[in-house]
Amino acid sequence: MIRFILLQNRQGKTRLAKYYVPLDDDEKRRVESDVHRLVVNRDPKHTNICEFRGNSKIVYRRYAGLFFSLCVDLNDNELTHLESIHLFVEMLDHFFANVCELDLVFNFQKVYLLVDEFILGGEVQDTSKRAIMERLAELERLKD
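Quantities reported herein were computed from a predicted structural model and do not represent experimental measurements.

Trainee: Quick question: what am I supposed to make of the packing of aromatic side chains here?
Mentor: The description of an aromatic ring pair rests on the distance of the ring centres and on the angle between the ring planes. Across all of its chains, the model carries seven aromatic pairs by this definition. Judged by centre distance (6.3 Å) and plane angle (5 degrees), the rings of F88 and F118 are stacked. Separated by 30 residues along the polypeptide, F88 in helix 2 (residues 78-96) and F118 in helix 4 (residues 108-118) bring together distant segments of the chain. Relative accessible area serves as the criterion here: at 6%, F88 is assigned to the buried category.

Pasting the structure below:
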(Lines give C-alpha, C1' and ligand atoms only; values in the text may rest on other atoms or scores of the structure.)
Protein backbone atom coordinates (compact mmCIF):
# COMPACT_ATOMS: atom_id res chain seq x y z
CA MET A 1 0.00 0.00 0.00
CA ILE A 2 1.14 3.52 -0.75
CA ARG A 3 1.16 5.55 2.47
CA PHE A 4 1.86 8.91 0.85
CA ILE A 5 3.09 10.64 -2.30
CA LEU A 6 5.41 13.62 -2.23
CA LEU A 7 6.70 15.81 -5.04
CA GLN A 8 9.47 18.05 -3.79
CA ASN A 9 12.02 20.27 -5.46
CA ARG A 10 15.71 20.32 -4.58
CA GLN A 11 15.21 23.14 -2.09
CA GLY A 12 12.69 21.09 -0.11
CA LYS A 13 9.50 22.86 -1.21
CA THR A 14 6.69 20.35 -1.37
CA ARG A 15 4.77 20.76 -4.61
CA LEU A 16 2.33 17.91 -4.05
CA ALA A 17 1.51 15.88 -0.96
CA LYS A 18 -1.15 13.20 -0.89
CA TYR A 19 -1.52 11.07 2.24
CA TYR A 20 -3.37 7.76 2.40
CA VAL A 21 -2.76 7.23 6.13
CA PRO A 22 -3.95 9.62 8.84
CA LEU A 23 -1.22 11.98 10.10
CA ASP A 24 -1.59 15.26 11.93
CA ASP A 25 -0.17 18.46 10.42
CA ASP A 26 2.99 18.52 12.54
CA GLU A 27 3.76 14.92 11.64
CA LYS A 28 3.19 15.66 7.94
CA ARG A 29 5.73 18.50 8.08
CA ARG A 30 8.24 16.24 9.85
CA VAL A 31 7.69 13.48 7.29
CA GLU A 32 8.18 15.89 4.39
CA SER A 33 11.38 17.22 5.94
CA ASP A 34 12.71 13.73 6.70
CA VAL A 35 11.94 12.44 3.20
CA HIS A 36 13.59 15.46 1.59
CA ARG A 37 16.74 15.05 3.69
CA LEU A 38 16.81 11.35 2.87
CA VAL A 39 16.48 11.60 -0.91
CA VAL A 40 18.49 14.78 -1.54
CA ASN A 41 21.54 13.65 0.40
CA ARG A 42 21.55 10.15 -1.06
CA ASP A 43 24.38 9.29 -3.42
CA PRO A 44 23.10 8.89 -7.02
CA LYS A 45 25.08 5.62 -7.26
CA HIS A 46 22.80 4.02 -4.68
CA THR A 47 19.39 2.55 -5.39
CA ASN A 48 16.25 4.69 -5.39
CA ILE A 49 14.84 2.68 -2.51
CA CYS A 50 15.58 3.22 1.17
CA GLU A 51 14.09 2.18 4.48
CA PHE A 52 12.02 4.80 6.26
CA ARG A 53 11.27 4.76 9.98
CA GLY A 54 11.65 1.00 10.24
CA ASN A 55 8.15 0.06 9.08
CA SER A 56 8.10 1.37 5.50
CA LYS A 57 10.34 2.36 2.64
CA ILE A 58 10.71 5.31 0.33
CA VAL A 59 10.78 4.67 -3.41
CA TYR A 60 11.79 7.77 -5.33
CA ARG A 61 12.97 9.07 -8.69
CA ARG A 62 14.39 12.39 -9.65
CA TYR A 63 13.16 14.08 -12.81
CA ALA A 64 14.90 17.39 -13.57
CA GLY A 65 14.64 19.36 -10.33
CA LEU A 66 11.80 17.37 -8.75
CA PHE A 67 11.87 14.32 -6.53
CA PHE A 68 8.86 12.01 -6.86
CA SER A 69 8.66 9.97 -3.65
CA LEU A 70 6.31 7.20 -2.58
CA CYS A 71 6.23 5.75 0.92
CA VAL A 72 5.20 2.12 0.67
CA ASP A 73 4.93 -0.93 2.91
CA LEU A 74 8.08 -2.99 3.49
CA ASN A 75 6.71 -6.00 1.63
CA ASP A 76 5.62 -4.11 -1.52
CA ASN A 77 7.43 -4.58 -4.82
CA GLU A 78 9.79 -1.63 -5.29
CA LEU A 79 10.09 -2.01 -9.07
CA THR A 80 6.32 -1.76 -9.47
CA HIS A 81 6.36 1.53 -7.61
CA LEU A 82 9.31 2.83 -9.64
CA GLU A 83 7.30 2.09 -12.77
CA SER A 84 4.26 3.78 -11.24
CA ILE A 85 6.31 6.92 -10.65
CA HIS A 86 7.52 6.83 -14.26
CA LEU A 87 3.97 6.35 -15.56
CA PHE A 88 2.78 9.26 -13.41
CA VAL A 89 5.50 11.50 -14.86
CA GLU A 90 4.60 10.41 -18.39
CA MET A 91 0.95 11.26 -17.75
CA LEU A 92 1.89 14.65 -16.31
CA ASP A 93 4.05 15.30 -19.34
CA HIS A 94 1.24 14.33 -21.70
CA PHE A 95 -1.44 16.25 -19.78
CA PHE A 96 0.58 19.49 -19.54
CA ALA A 97 2.47 19.11 -22.86
CA ASN A 98 6.02 19.07 -21.47
CA VAL A 99 5.41 19.56 -17.77
CA CYS A 100 7.53 21.83 -15.58
CA GLU A 101 7.48 22.69 -11.88
CA LEU A 102 5.39 25.80 -12.50
CA ASP A 103 2.65 23.68 -14.06
CA LEU A 104 2.42 21.78 -10.79
CA VAL A 105 2.28 25.00 -8.77
CA PHE A 106 -0.31 26.87 -10.83
CA ASN A 107 -2.45 23.87 -11.82
CA PHE A 108 -2.30 21.89 -8.60
CA GLN A 109 -5.99 20.98 -8.82
CA LYS A 110 -5.36 19.20 -12.14
CA VAL A 111 -2.39 17.37 -10.66
CA TYR A 112 -4.51 16.15 -7.75
CA LEU A 113 -7.19 15.10 -10.23
CA LEU A 114 -4.59 13.05 -12.10
CA VAL A 115 -3.37 11.46 -8.87
CA ASP A 116 -6.95 10.59 -7.91
CA GLU A 117 -7.54 8.94 -11.29
CA PHE A 118 -4.31 6.96 -10.96
CA ILE A 119 -4.20 5.99 -7.27
CA LEU A 120 -7.21 5.21 -5.10
CA GLY A 121 -6.92 4.65 -1.37
CA GLY A 122 -3.20 3.96 -1.53
CA GLU A 123 -3.40 1.38 -4.31
CA VAL A 124 -2.72 1.87 -8.01
CA GLN A 125 -6.15 1.90 -9.59
CA ASP A 126 -5.32 1.93 -13.29
CA THR A 127 -2.09 1.52 -15.24
CA SER A 128 -3.45 2.35 -18.67
CA LYS A 129 -2.11 5.74 -19.65
CA ARG A 130 -4.59 5.96 -22.52
CA ALA A 131 -7.61 5.21 -20.33
CA ILE A 132 -6.60 7.74 -17.68
CA MET A 133 -5.90 10.42 -20.28
CA GLU A 134 -9.29 9.79 -21.89
CA ARG A 135 -11.05 10.18 -18.52
CA LEU A 136 -9.17 13.40 -17.82
CA ALA A 137 -9.97 14.76 -21.27
CA GLU A 138 -13.64 13.98 -20.66
CA LEU A 139 -13.52 15.83 -17.34
CA GLU A 140 -11.88 18.81 -19.05
CA ARG A 141 -14.65 18.84 -21.69
CA LEU A 142 -17.32 18.74 -18.97
CA LYS A 143 -15.66 21.62 -17.16
CA ASP A 144 -15.70 23.82 -20.26
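From this point, things continue past the structure.
Trainee: How do you make sense of the packing of helix 4 against helix 5 (residues 129-143) when you look at a structure like this?
Mentor: Describing two packed helices takes the angle between their axes plus the distance from one axis to the other. Taken N-terminus to C-terminus, the directions of helix 4 and helix 5 make an angle of 135 degrees; their axes are 10 Å apart at the nearest point. As the angle between them shows, helix 4 and helix 5 are arranged oblique. In this structure, the crossing between helix 4 and helix 5 has a hand that is right-handed. Contacts between helix 4 and helix 5 involve K110, L113, L114, E117 and F118 from the former and I132, M133, R135, L136, L139, E140 and K143 from the latter. Residues of the contact of helix 4 with helix 5, tallied by class, amount to seven nonpolar, no polar and five charged.

Trainee: Please explain the nonpolar core as it appears in this structure.
Mentor: Side chains that are nonpolar tend, in soluble globular proteins, to be buried together. Of all hydrophobic cores here, the largest spans 28 residues; its most connected members are I5, F68, F88, L92 and L114. Those elements that place two or more of their residues in this core are strand 1 (2-9), strand 4 (56-63), strand 5 (66-73), helix 2, helix 4 and helix 5. Top contributing element to this core by residue count: helix 2, with eight residues. Apart from the residues within four sequence positions on either side, L92 is in contact with F68, A97, V99, L104, V111 and L114. Within the second largest apolar cluster, 12 residues are counted, among which are F4, Y19, V31 and F52.

Trainee: Is there a simple way to think about the pairing of strand 4 in this case?
Mentor: Within a regular beta strand, the side chains point alternately toward one face of the sheet and then the other, so they alternate between its two faces. Counting buried positions over the eight residues of strand 4 gives six, a clear majority of the element. When strand 3 (residues 49-52) meets strand 4, the two strands line up antiparallel, connected through four bridges. By the bridge assignment for strand 4, E51 is matched with K57. In textbook terms, the turn of a hairpin is the stretch between consecutive antiparallel strands, and for strand 3 and strand 4 this stretch comprises three residues, one of which, R53, has a positive phi near 55 degrees. When strand 4 meets strand 5, the two strands line up antiparallel, connected through eight bridges. Residue pairing across strands places V59 opposite L70, the latter belonging to strand 5. Turn length for the strand 4-strand 5 hairpin, with the two strands adjacent in sequence and antiparallel, is two residues, and the turn residue A64 shows positive phi of about 55 degrees.

Rules used throughout
Residues numbered from 1 in each chain as written. Predicted model: local features only at pLDDT ≥ 70, side-chain atom pairs only at ≥ 80, totals over all residues. Heavy atoms only, no water. Phe/Tyr/Trp six-rings, centres within 6.5 Å; stacked < 30°, edge-to-face > 60°. Helix = DSSP H or I, 4+ residues; strand = E, 2+ residues; numbered from the N terminus. Buried < 20%, exposed > 50% of the residue type's maximum accessible area, 1.4 Å probe, protein only. Axes fitted to C-alpha atoms, helices over the stretch in contact; angles between N-to-C directions. Parallel < 35°, antiparallel > 145°, perpendicular 65-115°, else oblique. Left-handed = near helix turned anticlockwise from the far one by under 90°. Contact = heavy atoms within 4.5 Å. Nonpolar A, V, L, I, M, F, W, Y, C, P; charged D, E, K, R; others polar. Core = buried A, V, L, I, M, F, W, Y, C linked by side-chain atoms within 4.5 Å. Pairing = 2+ DSSP bridges.

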